[in-house]
Each structure stands twice: as structure tokens, then as C-alpha cells.
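The residues making up each chain are set out below.
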Amino acid sequence: MSLDAYLGEPITLQTLYLDTMGDPLPVEDPTVVVFRYDAMGVRITLAEEPLVEAGVADPGRYTYLFLVPEDLTEGATLHVEYRATRTGTGELLVTSDTLTARSRAVLGLNARFVR
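Below: a short report on this structure. Just so it is clear, the model here is predicted, and its values are computed rather than measured.

## Describing the packing of aromatic side chains
- Across all of its chains, the model carries two aromatic pairs by this definition.
- Considering the side-chain rings of Tyr 17 and Tyr 62, the 5.9 Å spacing of their centres and the 65 degrees angle between planes classify their relative orientation as edge-to-face. Placement of the pair is Tyr 17 in the loop between β2 (10-16) and β3 (27-37) and Tyr 62 in strand β6 (residues 61-67), with a sequence separation of 45 residues. Here the two residues Tyr 17 and Tyr 62 agree in accessibility, since each one is buried.
- When the ring of Phe 35 is compared with that of Tyr 37, the centres are 5.7 Å apart and the planes differ by 85 degrees; the resulting orientation is edge-to-face.
- Sitting above the plane of the Tyr 6 ring, Arg 104 keeps its charged end 3.7 Å from the centroid.

Here's what the structure looks like:
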């Protein structure tokens, strides 16, 4: 399932690290990478940033505020990879999401002349 991401607007990207018992999983160096592919299949990185822990009220959840570029094509697919290292084991944890670029419809007046 893809999330809608509106052109020129921020979207909060988030991931939650839990262990097999559903408890928050301690991780190191959590990062997010947002990228797309051009018409030739070349990967273009739009953001590669550290994630911020959401806080005491929601341990294990990490977020990043991403500003969706205005110059993307309506319907373009963006790929999101969340990466972190599990504390104590060094195991690399990777999860992913996809975003679909959308534009907000602007309602306008439509003039019509009648005889």
C-alpha cells in the first residue's frame, strides 16, 4: 500500500522498532532514505537523514519530516527505506514504504456565456 504525498507539502515519515514480544527495540543510528527512479532507471536520492525518536510517550517510534518536492510528476512513486542497527547485536534492520506524489485539486470558477 502506498501513502499519498502532496506536492510541495511536508509529510511525517515514521517507523516503529519492536522486538518479538512487542516491546520497543533499542536501535542505533536510525536513518531514512527517500529516493525515486528516473526514466532510465537511475536511482535519485531525495533525502538521507537521521530519524528522530518520537519521545517518552511512544518509545521505539522514529520520525522524519520530509518536504515533498513540487517538481515531481503527479503519480510519481517515491521509495522510503528506514535503516537502523539493533543495539547489542549489530544486526541491520531495514523496512520500507512507498509514497505516491499527488497534487491538491484547486477549485476555480468556470465562466460560461449564454445567449
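The structure having been displayed, the exposition proceeds.
## Notes on the side chain of Thr 100
- Looking at the element boundaries, Thr 100 is found in strand β8 (residues 92-102).
- Among the residues examined, Thr 100 registers a relative accessible area of 12% and is labelled buried.
- Only 2.6 Å separates the side chain of Thr 100 from the side chain of Ser 2, close enough to count as a polar contact.
- Residues in contact with Thr 100, not counting those within four places in the same chain, are Ser 2, Leu 3, Asp 4, Ala 5, Gly 75 and Ala 76.

Quick notes on the rules
- Residues numbered from 1 in each chain as written.
- Predicted model: local features only at pLDDT ≥ 70, side-chain atom pairs only at ≥ 80, totals over all residues.
- Heavy atoms only, no water.
- Phe/Tyr/Trp six-rings, centres within 6.5 Å; stacked < 30°, edge-to-face > 60°.
- Helix = DSSP H or I, 4+ residues; strand = E, 2+ residues; numbered from the N terminus.
- Buried < 20%, exposed > 50% of the residue type's maximum accessible area, 1.4 Å probe, protein only.
- Lys NZ or Arg CZ within 6 Å of the ring centre and 35° of its normal.
- Polar contact = N/O pair within 3.5 Å; in protein donor to acceptor, adjacent residues only side chain to side chain.
- Contact = heavy atoms within 4.5 Å.

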